[in-house]
Amino acid sequence: MSSDKRNISVNDYEMNIDLYSILRDIWKYAILILLLAASMSLLSYVYVGRNYHKQYESTSTFIVSSKGSNNSVYSDLSATSEMATKFSEILNSSILQKKVAKEMDMDYFPGSASAEVVNETNLLVLKVQADSPEMAFRLNKAIMNNYSVVTDQLIGNVVLDVLQKPTVPSGPVNKFQPTALMKKTFFTTIVALCGLIAILSFLKDTVRKPKEVSRKLDAKLLQTLYHEKIYKTWKARIHRKKSPVLLTNPGTSFQYVEDMKKLARKVSSKMKEKNAKTLLVASVEENEGKSTVAANLALALAEESEKVLLIDADLRKPSQYKIFGLDQEEIQQFGEVLNGNEQIDNLVTDLPKSELLLIAGSMIYPNSTEMIASPIFQKIVEFFKTKLDYIIIDTPPMSQAADAEELVDLADASILVVRQHTALVKDINETISILNSAEGTMLGCVYNDVFHGVAQTARNYGYKYAYGSGYGYGNKYGYGNHGYGYGYGYGYGYGYGSRTKKGNEDKTQESKTERQVKKDHE
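If you're wondering where the values come from, they're calculated on a predicted model, not measured in any experiment.

K.L.:
Outline the overall build of the protein, supporting the account with residue identities and numerical values.
P.N.:
When its secondary structure is counted, the protein shows 19 helices and twelve strands. Among the 522 residues that make up the protein, the fraction classed as buried is 46%. Pairs at least 24 apart in sequence give 79% of the contacts found in the protein among residues at least 6 apart. When the accessible surface of the protein is split by element, carbon and sulfur atoms take 53% of a total near 27900 Å².

K.L.:
Would you mind going over the pairing of strand E7 (residues 308-312) in detail, with residue names and values included?
P.N.:
Most of E7 sits inside the fold, with five of its five residues counted as buried. Of the two faces of E7, the one holding Val308, Leu310 and Asp312 and the one holding Leu309 and Ile311 are both buried throughout. Of the strand pairs in this sheet, E7 and strand E10 (residues 390-394) are connected by five bridges, and their pairing is parallel. Bridging across to E10, Ile311 finds its partner in Ile393.

K.L.:
Give a description of the nonpolar core that names residues and reports values.
P.N.:
When a protein is soluble and globular, its nonpolar side chains tend to lie buried together. Core analysis: the largest hydrophobic core is formed by 50 residues, its most contacted members being Leu217, Phe334, Ile359, Phe377, Phe384, Leu416 and Ile428. Among the elements that make up this core, the one with the highest residue count is helix H15 (residues 375-385) (six residues). If near-sequence neighbours (up to four positions away) are discounted, Leu217 is found in contact with Val207, Glu212, Val418, Val425, Ile428, Asn429, Ile432 and Cys445.

K.L.:
Now, about the pattern of salt bridges: what can you tell me, with residues and values included?
P.N.:
Proximity of charged atoms lets side chains of opposite charge pair with each other. As enumerated under the stated definition, the model contains twelve salt bridges in all. When the shortest N-O distance is used, the salt bridge between Glu212 and Arg215 registers 3.5 Å. With a gap of three residues between them, Glu212 and Arg215 both fall in helix H8 (residues 211-216), about one helical turn apart. Assessed through its relative accessible area of 0%, Glu212 is described here as buried. Put simply, Asp412 and Lys385 hold a salt bridge, and the shortest N to O gap is 3.4 Å. Placement of Asp412 in the loop between helix H16 (403-408) and strand E11 (413-419) and of Lys385 in helix H15 is noted, with a sequence separation of 27 residues between them. Overall, the relative accessible area of 22% leaves Asp412 in the partly exposed class. Using a relative accessible area of 18% as the deciding quantity, one classes Lys385 as buried. Connected through salt bridges with shared partners, the residues Asp205, Glu212, Arg215 and Lys216 form a single ionic network.

K.L.:
Explain a positive patch on the surface to me, and be specific about the residues and the numbers.
P.N.:
On the surface, Lys229, Arg237, Arg240, Lys242 and Lys322 cluster together to form a positively charged patch. Its place among the elements puts Lys229 in the loop between strand E5 (221-226) and helix H9 (234-238).

K.L.:
How would you summarise helix H7 (residues 178-203) if you had to cite specific residues and measurements?
P.N.:
Look at H7: 37 Å from first C-alpha to last across 26 residues, which is about the 38 Å you get at 1.5 Å a residue. When H7 is considered as a whole, its buried residues turn out to be Pro178, Thr185, Thr189, Ile190, Ile197 and Ser201.

K.L.:
Describe a negative patch on the surface, with residues and values.
P.N.:
A cluster of acidic residues, Glu370, Glu405, Glu406, Asp409 and Glu439, forms a negative patch at the surface. Take Glu405: it is sitting in helix H16. The exposure class of Glu405 is partly exposed, given its relative accessible area of 41%.

K.L.:
I'd like a description of the pairing of strand E3 (residues 123-130), backed by residues and values.
P.N.:
Note: strand E2 (residues 112-117) against E3, six bridges, orientation antiparallel. Within the sheet, the bridge partner assigned to Glu116 lies in E3 and is Val125. Hairpin connection of E2 to E3: five residues between the antiparallel strands, including Glu120 at a positive phi of 60°.

K.L.:
Give a detailed account of the sheet that holds E7, specifying residues and quantitative values.
P.N.:
A sheet is described by the order of its strands in space; here eight strands give the open sequence E5-E12-E11-E6-E10-E7-E9-E8, paired in mixed fashion. Single-partner strands in this sheet number two, and they are E5 and strand E8 (349-350). Looking at chain direction, E8 and strand E9 (residues 357-359) are connected through two bridges and run antiparallel. Its bridge partner being in E9, Asp350 is matched across the sheet by Leu357. Contacting E5, strand E6 (278-283), E10 and strand E12 (441-450), helix H10 (residues 254-273) runs over the sheet at an angle of about 160° to E5.

K.L.:
For the packing of helix H3 (residues 30-51) against H7, give the residues involved together with the corresponding values.
P.N.:
Between H3 and H7, the least distance of the axes is 8 Å, while the angle of their chain directions is 145°. The two elements H3 and H7 meet at a crossing, and its hand is right-handed. Across the interface between the two elements, Ile33, Leu34, Leu36, Ala37, Ala38, Met40, Ser41, Leu42, Ser44, Tyr45 and Val48 of H3 pack against Pro178, Leu181, Met182, Thr185, Phe186, Thr189, Ile190, Leu193, Cys194 and Ile197 of H7. Classifying every residue of the contact of H3 with H7 gives 17 nonpolar, four polar and no charged.

About the criteria used
- Residues numbered from 1 in each chain as written.
- Predicted model: local features only at pLDDT ≥ 70, side-chain atom pairs only at ≥ 80, totals over all residues.
- Heavy atoms only, no water.
- Helix = DSSP H or I, 4+ residues; strand = E, 2+ residues; numbered from the N terminus.
- Buried < 20%, exposed > 50% of the residue type's maximum accessible area, 1.4 Å probe, protein only.
- Contact = heavy atoms within 4.5 Å.
- Areas by Shrake-Rupley, 256 points an atom, 1.4 Å probe, with all protein chains shown as cover.
- Pairing = 2+ DSSP bridges.
- Core = buried A, V, L, I, M, F, W, Y, C linked by side-chain atoms within 4.5 Å.
- Salt bridge = Lys/Arg side-chain N within 4 Å of Asp/Glu carboxyl O.
- Patch = residues over 30% accessible without salt bridge, like charges linked within 9 Å, V, L, I, M, F, W, Y side chains within 5 Å.
- Lys, Arg positive; Asp, Glu negative; His and termini not counted.
- Charge placed at Lys NZ, Arg CZ, Asp CG, Glu CD.
- Expected span 1.5 Å × (residues − 1).
- Axes fitted to C-alpha atoms, helices over the stretch in contact; angles between N-to-C directions.
- Left-handed = near helix turned anticlockwise from the far one by under 90°.
- Nonpolar A, V, L, I, M, F, W, Y, C, P; charged D, E, K, R; others polar.

Function-wise, these values are silent; they only describe arrangement.
Printed below as a string of structure tokens:
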């Protein structure tokens, strides 16, 4: 039993170590890391500059020998080594320093002194440092005049003969060289910050891998969508020329297209089981790819000869018109219709290369929650439910506004887009609880923007060449003429024209509905 528990904990630990997620977090703060590193480097320069004091060093050299040693080299070397330690203690003793200060008519010893042995010789070098060349020279000379008073009493068996008298320093011994310190500070700061971010990233409780979805989240995994490049070349990256991640774009990878089609089939099957027509596409945080998933899901459903409407209900940050490459003049502002500032005429936009219908806008509305809750929004949805197979509603992030919660009860079903290593698990599960508590059905999660491992990348590389012209969908998205044309004739913005010819009975019923919606709007 204990062995099983140990295995579980080890596996959990391994699952939490995801190098890509850590590197992505570091890259996310790359500019901030560089700025902080540069700031610390400049601070180190200022600190060193403020505390820098020039030090000048005067040296003198002694020959050390032992009394009565008969010029034995071994005894001289031994005496020199012993003398270096004792002489350094003597130089910094209060007795000698007071004597030197008195001779120089000073209250204290304004410098420092030390003794060093020249390697494998019996030469002893006296080094005296002070704030000026003159002071260093004078201190060295004063020590030379007074050291014998102390050394004769403490180390009387050693003889010191002057080989070189004190020298006058020509320049400071401690040159101001901040470059090395600044570099060291810069790179040390980068390493420290990267380490800190890596630790915080490791401790962040997010969904890092597809196998963690079922283990951490209270919802079923519908589909995993792998990362799709928005910059296909370095030139495009430099010029910030994004390639739209759409099924209608020939540059979209084969795997992404197939995975999105799988998602569409699963969603369609589940919605038909529940007799559902309106689908809410939600996310917890911003930039989780919710709008792109909604757009492609709608395209995939429309490709299956379904009548589909996509509504951009994110009135705080509309994006569908950008995703489909539409100009603001090509669409009627959905928000203005909800506010009652514009008529409903031509509310629906026909999208090129697809039979998908779009209701969108480009304006931002701070009062979006009240607009979403208005009766006109509900009546628009209810009207199209009677005319179309599916209505896909792109909502604002659940953590950003209450708009999505207003839409939850309006939709028959919902899916949650979860981007790899973005939202916290507790926030995701809270959102799932909200979606489950609504009248509609929570179908599951779409695990989005997942980066491939080495093995997965190799597999996709094979995919690319095995399928050859798999991207060439020909006129698959052209659809020819299925009765849509450009004459939907929605009447007061709706006036939905049929794919096939309808009888007079259907037209009469349709006109009644249009008149009722117009009346309610007015």
